[in-house]
Every structure is written in C-alpha cells, then in structure tokens.
Amino acid sequence: MLDQMTLYPVADDVLFAPGGRVVIRTYGVAAPADPANGQPRSVAYRTWVTGVREQPRYWRWGHFEDARRGHRKVLEWLTGRGPQPQQVAQVDAA
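Keep in mind that this is a model prediction, so the values were computed, not measured. (Residues numbered from 1 in each chain as written. Predicted model: local features only at pLDDT ≥ 70, side-chain atom pairs only at ≥ 80, totals over all residues. Heavy atoms only, no water.)

(A) Structural view of the sheet that holds strand 4 (residues 57-61). Within the open sheet, the four strands sit side by side as 1-2-3-4. Their pairing is antiparallel. One side of each edge strand has no neighbouring strand; the edge strands of this open sheet are strand 1 (6-17) and strand 4. With direction set aside, neighbouring strand axes in the sheet form an average angle of 15 degrees. Pairing of strand 3 (residues 43-50) with strand 4 involves five bridges; the strand directions are antiparallel. Paired with threonine 47 across the two strands is tryptophan 59, which belongs to strand 4. (Pairing = 2+ DSSP bridges. Helix = DSSP H or I, 4+ residues; strand = E, 2+ residues; numbered from the N terminus. Axes fitted to C-alpha atoms, helices over the stretch in contact; angles between N-to-C directions.)

As structure tokens, then:
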C-alpha cells in the first residue's frame, strides 16, 4: 500500500543545533484512487520534525496553503521567534 501512495513535497528545512540537527519536512500524502468509482482521494498534509529531544513531533494541516504557513510557523517556533503552532482543523467534505 505504501508503494502506491503519492507524496507531494511542500517544504524541507534543516536546523543545526548544539545537540545535532533538526529536520523539518512538510508534505502531502494521497492514497491511490478509489477503485469503486475511480475518483482520486484527498491529500492529507503533515509537518514532521525529527531530531528534537522529545522524539518526532508532527502537525496535520487541512490544505496546501495551511501546510505552507504551518511549516513557516514550526520553523519560527523552533528558532524561538514564535509560539508553538496549533494544528488547523481538517474539514472533510461530505
């Protein structure tokens, strides 16, 4: 299943700190099209942070623009220029 998923990169950054490096990666993930009707599935956006002492952290975003802004807010938080970002609630269309 993982080999059928499509990744859409949004942003990648690396910060170098005294304890090592911190990687911030934001991307979209889409599952394969629904075989019942052939419709593509929606894209889920996430920001992953690795290299922080508290283990990997992640945020979920509802749309591409939210993910882009969220990535910037995560960078600001990690560099001490802003508060910890809050996840944007994902709204599923019915």
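(B) Focus on the pairing of strand 3. Summarising the sheet, strand 2 (residues 20-30) and strand 3 pair through eight bridges and their orientation is antiparallel. Looking at strand 3, one finds that isoleucine 24 is bridged to valine 49.

(C) Seen up close, the packing of aromatic side chains. The final tally for this structure, using the stated rule, is three aromatic pairs. A ring pair is formed by tyrosine 45 and phenylalanine 64, whose centres lie 6.2 Å apart and whose planes are at 70 degrees; its orientation type is edge-to-face. Within this pair, whereas tyrosine 45 is found in strand 3, its partner phenylalanine 64 is found in helix 1 (residues 64-78), the two being separated by 19 residues in sequence. According to the relative accessible area criterion, tyrosine 45 is buried, its value standing at 13%. You can call phenylalanine 64 partly exposed: its relative accessible area is 37%. (Phe/Tyr/Trp six-rings, centres within 6.5 Å; stacked < 30°, edge-to-face > 60°. Buried < 20%, exposed > 50% of the residue type's maximum accessible area, 1.4 Å probe, protein only.)

(D) Structural view of the side chain of threonine 26. By the element assignment, threonine 26 lies in strand 2. Ignoring sequence-local partners within four residues, the contact set of threonine 26 consists of Pro9, Val10, Ala11, Asp12, Arg46, Thr47, Ala67 and His71. (Contact = heavy atoms within 4.5 Å.)

(E) Geometry of the pattern of salt bridges. In the structure shown here, the tally under the stated rule is four salt bridges. Between arginine 25 and aspartate 12 there is a salt bridge; the shortest N-O distance is 2.9 Å. Pair noted here: arginine 25 is in strand 2 and aspartate 12 is in strand 1, with a separation of 13 residues, a long-range link. Across the pair arginine 69 and aspartate 66 runs a salt bridge whose closest N-O atoms are separated by 3.3 Å. Of this pair, arginine 69 and aspartate 66 both sit in helix 1, three residues apart, which is roughly one turn of the helix. Beyond isolated ion pairs, a larger network of salt bridges with shared partners links Glu65, Asp66, Arg68 and Arg69. (Salt bridge = Lys/Arg side-chain N within 4 Å of Asp/Glu carboxyl O.)

(F) Geometry of the nonpolar core. Ranked by size, the top nonpolar core spans 10 residues in total: Val22, Ile24, Tyr45, Val49, Val52, Trp59, Trp61, Ala67, Val74 and Leu75. Counting only elements with at least two residues in this core, the list comes to strand 2, strand 3, strand 4 and helix 1. Excluding residues within four positions of it along the chain, valine 22 makes contact with Asp13, Val14, Leu15, Val49, Thr50, Gly51, Val52 and Leu78. (Core = buried A, V, L, I, M, F, W, Y, C linked by side-chain atoms within 4.5 Å.)

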